Amino acid sequence: MTSPLLELGHLEIRGAAGAVVSDVGFTVEAGGIVCVVGESGCGKSLSALAVLDLLPPGLRVTGGALRFDGRDVLAGDARKRLRGREVGMIFQEPATALNPVYTIGFQVGEMLRGLSRTARRDRVAALLHRVGLPPAAAASYPHQLSGGMKQRAMIAMALAGEPRLLLCDEPTTALDPTVGAQILAQLRTLAEDGLGVVLITHDFHAVSRMRGKIVVMYAGMVVEQGPVPAVLGTPAHPYTAALLATLPKKGQRPGSIPGQVPAPGMRPPGCPFFNRCARVLPRCEAEPPPWRDAGERHEYRCHLSDIGGST
Ligand SMILES: Nc1ncnc2c1ncn2[C@@H]1O[C@H](COP(=O)(O)OP(=O)(O)OP(=O)(O)O)[C@@H](O)[C@H]1O
Ligand SMILES: [Mg+2]
């Protein structure tokens, strides 16, 4: 059996205030799409940044396993060496990623050191074509492009090193819905060509159109994961059910779950969702919940054994 492209197992990231990410585990296959969802501050971005050893100062990986293509990449500079060549990343802050004073062609070309000028120009043209940009975009400066085109340019930059995995941190948040849908369609096409894709997003509507897996994070841990239709159709964890219940119905504003995600250092020994959970049990605060099976490749971490019960 071939190894998954990326395997995170019980990943822990700590800072001065304690564990910010305490238990994150999931796998990404070549050609597979993994959508990571959860409220703000749950540790989605940090988990992705940790894969490339790009955590902000003061935070570091303190436990768990991280494998790429079956190799342990946690030690030494193995994660740095994944950057660009094995794993491309699209960062959460799109405005900071493109330099306003250089053309798109130059910036994509910067990722292609070691090639002759002509070879580089041809590769840039091929990369722009692959992400759906016209050849003329090469001579454009970032301010001359629309938001969607800028995001496509960033995908082209992330693909320049021919990575096998793309980490996309909220790539559509700054875009209007139609353009966002086009970017997601682009990511689906790339996955069909064999790229592994991790898509961090708040947009469940987008997730519902992805074939693949969904990973639900809460307060630094994965609380549920499984195939997209199974998790969205029969959410097993009360947190996932609550998140889905906040989605706007036609003509309404999105709701929110009462209460807040507990800050790092303030999490209980048991389930971090206990104080917001509609179905809390006496043991939830103190006892860590077990993983439970909810069907084929669908699992959740909760004291409740009945899915979607009313109490
Ligand atoms: N540089 C930092 N130093 C210390 N703690 C941090 C730092 N960056 C983030 N954190 C902590 O880690 C938590 C998780 O951050 P992260 O950026 O991964 O959240 P997220 O799930 O990506 O949220 P969002 O949806 O808002 O992007 C934050 O709530 C914060 O408490
Ligand atoms: Mg984030």
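Residues numbered from 1 in each chain as written. Chains lettered and ligands numbered in written order. Predicted model: local features only at pLDDT ≥ 70, side-chain atom pairs only at ≥ 80, totals over all residues.

With that settled, consider the overall build of the protein chain. Across its full length, the protein chain carries 10 helices and 12 strands. A compact globule built from 311 residues should have a C-alpha radius of gyration of about 19 Å, and the protein chain, at 20 Å, falls within 12% of that. Relative to all contacts within the protein chain whose residues are 6 or more apart in sequence, the contacts with residues 24 or more apart total 63%. (Helix = DSSP H or I, 4+ residues; strand = E, 2+ residues; numbered from the N terminus. Rg over C-alpha atoms; globule rule 2.2 N^0.38 Å. Contact = placed C-beta atoms within 7 Å.)

Let us look at the domain arrangement of the protein chain. Per the domain assignment, the segments of the protein chain are domain 1 (6-86 + 163-301) and domain 2 (97-162). Spacing between the C-alpha centres of domain 1 and domain 2 amounts to 29 Å. Taken together, the contact between domain 1 and domain 2 spans 11 residues of the former and 12 residues of the latter. (Domains from an automatic or database assignment.)

The environment of ligand 1 is made up of 16 residues, and the closest members are Ser-40, Gly-41, Lys-44, Ser-45 and Leu-46. Of the residues forming the shell around ligand 1, the biggest block, 3 residues, is contributed by helix α1 (residues 44-51). Looking at the shell around ligand 1 residue by residue, the classes come out as 7 nonpolar, 8 polar and 1 charged. (Near = placed C-beta within 6 Å. Nonpolar A, V, L, I, M, F, W, Y, C, P; charged D, E, K, R; others polar.)

Turning next to the packing of helix α6 (residues 147-159) against helix α7 (residues 177-192). With their axes 9 Å apart at the nearest point, α6 and α7 run at an angle of 20° to one another. With respect to their mutual orientation, α6 and α7 come out roughly parallel. Crossing handedness for the pair α6 and α7: right-handed. Contacts from Gly-147, Gly-148, Gln-151, Arg-152 and Ile-155 in α6 reach Val-179, Gln-182, Ile-183 and Gln-186 in α7. Residues belonging to the contact of α6 with α7 are distributed by class as follows: 3 nonpolar, 5 polar and 1 charged. (Axes fitted to C-alpha atoms, helices over the stretch in contact; angles between N-to-C directions. Parallel < 35°, antiparallel > 145°, perpendicular 65-115°, else oblique. Left-handed = near helix turned anticlockwise from the far one by under 90°.)

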